[in-house]
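# Structural overview for review
Below are the chains, spelled out letter by letter.
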Amino acid sequence: MRRALGWTIGVGVVLALAGVLLFRIPAVQDLLIRRMVAQRVASADWLLAPDALRVALCGTSAPLPHPSRAKTCTAVFAAGRFWIVDTGPSSWNNLALWRVDGAKIGGILYTHFHSDHIAELGEFNLQTWAAGRPAALRVFGPPGVERVVAGFTEAYALDTGYRIAHHGAEFLPEATARMEPVAVVAEGPGSVVVLEEDGLRITAFPVDHRPIVPAYGYRFDYRGRSVVVSGDTTKTPALVTAASGADVLVHEAQANHLIAIIGDAAEAAGRGRVAKIMHDIPSYHTTPVEAAEAANAARVRLLVFSHLNPPPPNRLAEAPFLRGVADVRPQGWILGDDGTLVTLPAESDVVTVGRVD
Ligand SMILES: [Zn+2]
Ligand SMILES: [Zn+2]
């Protein structure tokens, strides 16, 4: 028995050594790299199949730092295209890692213009243009979207020129590098239709993120299925009305009991400015428990927590973040991660939770 084990270990060591030696040979390196690259350059077109409404989280953190979560971004795949609600810092990197074909972008929708929601607009525009987007990028948002688009356009103007000069205007036409701002006016209760295309209807509704006015949430309806993205808001009846009967509600979540602890620690550490901010921010966000209450009131099938503040640094920290949620809503919710994918097959009641990657 002992002898057989010795043999097995011996053979394993020899094989491992042989593998290490083989990988030193350039031709073997190139072969393995070719195989790996071939898998990674192919587009993930399955996400765009029109058989379902899909929602993927491309950024799940609020402004506090986190080593691996990008800031706010939600991608909705419908009718052969994808739509992005908010472009937080590092969020394009997720879409690139998932190999989403940038040419298939339908548009960007802004809930409001806080920096953790808009920072990567320039990158989204550049990358989808380089991928062969056939027209200007539509950017929807509250009034003010024109200023944001103009600013990013100016900031990227030199880069746009460099790339046209380098790759040629035929490959990267100046006309398709443009962004087209579309101001959406949603005042008072109720929703306004942002667009209807190929069976997809997107509506905007005002939420309560005062003093940021207006701030919106968005609802996507496609082939009998629906997804609502809350944007940043306190608990508000407007969201419950707009999310009524939706399959999925992607809701912001701020654990104020943890924000208070961070504020106290910052005060004790002599970081008064951090303490002041921690003191101010509970007034315009929703706690996980309140989000669960809203999901119950709206009778949604699945609540997905995103825009997490503070973003839990590890699995252990998720329990205190979610304290009290299970008492209000025992099931029908998940804590979102970058890469969480929810699939809603057309004309059905099925809700599947998985990962994009
Ligand atoms: Zn935010
Ligand atoms: Zn905000």
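Our subject is the structure that appears above.
Residues numbered from 1 in each chain as written. Chains lettered and ligands numbered in written order. Predicted model: local features only at pLDDT ≥ 70, side-chain atom pairs only at ≥ 80, totals over all residues. Heavy atoms only, no water.

Another point: the overall build of the protein. Looking only at helices and strands, one finds 13 helices and 15 strands in the protein. C-alpha extents for the protein along the principal axes are approximately 75 × 60 × 55 Å. Across the 357 residues of the protein, 48% fall into the buried class. Residue pairs at least 24 apart in sequence account for 65% of intrachain contacts in the protein once pairs closer than 6 positions are excluded. Accessible area of the protein: about 17300 Å², with a carbon and sulfur share of 59%. Distance between charge centroids for the protein: 8 Å, based on 32 positive and 35 negative side chains. (Helix = DSSP H or I, 4+ residues; strand = E, 2+ residues; numbered from the N terminus. Buried < 20%, exposed > 50% of the residue type's maximum accessible area, 1.4 Å probe, protein only. Contact = heavy atoms within 4.5 Å. Areas by Shrake-Rupley, 256 points an atom, 1.4 Å probe, with all protein chains shown as cover. Lys, Arg positive; Asp, Glu negative; His and termini not counted. Charge placed at Lys NZ, Arg CZ, Asp CG, Glu CD.)

Glancing now at the packing of aromatic side chains. Applying the stated criterion across every chain yields a total of 5 aromatic pairs. Taken together, a centroid distance of 5.9 Å and an interplanar angle of 35 degrees make the contact between Phe 77 and Phe 82 tilted. (Phe/Tyr/Trp six-rings, centres within 6.5 Å; stacked < 30°, edge-to-face > 60°.)

Bringing the coordination of the zinc ion (ligand 1) into the picture now. In this structure, Asp 116 (OD), His 117 (NE2), Asp 232 (OD) and His 307 (NE2) serve as the protein donors to the zinc ion (ligand 1), at separations of 2.1 to 2.5 Å. Angles of 88 to 170 degrees at the metal separate the 4 donor atoms of the zinc ion (ligand 1), which places the site in the irregular class. All donors of the zinc ion (ligand 1) come from a single chain, and their spacing in sequence reads D-H-x114-D-x74-H. (Donors = N, O, S within 2.8 Å, 3.2 Å for Na, K, Ca; no water. Tetrahedral: all angles 85-135°; square planar, octahedral: opposite > 155°, others 65-115°.)

Read across the open sheet, the 7 strands follow the order E7-E8-E9-E10-E11-E12-E13; overall the sheet is mixed. Every interior strand has two partners, whereas the edge strands, strand E7 (192-197) and strand E13 (333-335), have only one. Mean inter-strand twist for the sheet, computed between neighbouring axes without regard to direction, equals 25 degrees. Sheet analysis places strand E12 (residues 302-309) next to E13, joined by 3 bridges and oriented parallel. For Leu 303, the partnering residue across the bridge sits in E13 and is Trp 333. (Pairing = 2+ DSSP bridges. Axes fitted to C-alpha atoms, helices over the stretch in contact; angles between N-to-C directions.)

Turning next to the pattern of salt bridges. Enumeration over the complete set of coordinates arrives at 17 salt bridges. Here Arg 355 makes a salt bridge to Asp 357, at a shortest N to O gap of 2.9 Å. Under the relative-accessibility criterion, Asp 357 is labelled exposed at 60%. Several salt bridges converge on common partners, so that one network encompasses Arg 69, Arg 315, Glu 318 and Asp 337. (Salt bridge = Lys/Arg side-chain N within 4 Å of Asp/Glu carboxyl O.)

This paragraph deals with the coordination of the zinc ion (ligand 2). The coordination sphere of the zinc ion (ligand 2) contains the protein donors His 112 (NE2), His 114 (ND1), His 209 (NE2) and Asp 232 (OD), at a distance range of 2.2 to 2.3 Å. Taken together, the 4 donor atoms coordinating the zinc ion (ligand 2) span angles of 95 to 158 degrees at the metal, a pattern that classifies the geometry as irregular. Here the donor residues of the zinc ion (ligand 2) share one chain and are spaced in sequence as H-x1-H-x94-H-x22-D. Between the zinc ion (ligand 2) and the zinc ion (ligand 1), a spacing of 3.4 Å is present, and a bridge between the two is formed by Asp 232. Remark: Asp 232 occurs in the loop between strand E10 (225-229) and helix H8 (237-242) and His 112 occurs in the loop between strand E4 (105-109) and helix H4 (115-118); sequence separation between them is 120 residues. There is no split in this pair, since His 112 and Asp 232 are both buried.

Here the focus is the state of the cysteines. In total, this model carries 1 disulfide according to the counting rule given. In this model, Cys 58 is linked to Cys 73 through a disulfide, with the two sulfur atoms separated by 2.1 Å. Taking the torsion about the sulfur-sulfur bond, which here is approximately -75 degrees, the covalent link between Cys 58 and Cys 73 counts as left-handed. A residue pair is termed long-range when its members are at least 10 positions apart, and Cys 58 in strand E1 (residues 52-59) and Cys 73 in strand E2 (residues 73-78) qualify at 15 residues. (Disulfide = S-S within 2.5 Å.)

Another aspect to go through is helix H6 (residues 145-155). Looking only at H6, the buried set comprises Val 145, Val 148, Val 149 and Phe 152. Projection of H6 onto a plane perpendicular to its axis shows the buried side chains occupying an angular sector of 95 degrees, all on one side. Facing away from the buried surface of H6 by more than 90 degrees, the exposed residues are Arg 147 and Glu 154. Of the surrounding elements, those touching the buried residues of H6 are H4, helix H5 (121-130), strand E5 (137-141) and strand E6 (179-183). (Arc of directions from axis to C-beta.)

Here E2 lies mainly inside the structure; 6 of its 6 residues are buried. With burial as the criterion, each face of E2 is covered, one bearing Cys 73, Ala 75 and Phe 77 and the other bearing Thr 74, Val 76 and Ala 78. Inspection of the sheet shows E2 paired to strand E3 (residues 81-85) by 5 bridges, in the antiparallel sense. When the bridges of E3 are listed, Ala 78 appears paired with Arg 81. In this antiparallel pair of consecutive strands, E2 and E3, the connection spans 2 residues, and Ala 79 shows a positive phi of 55 degrees.

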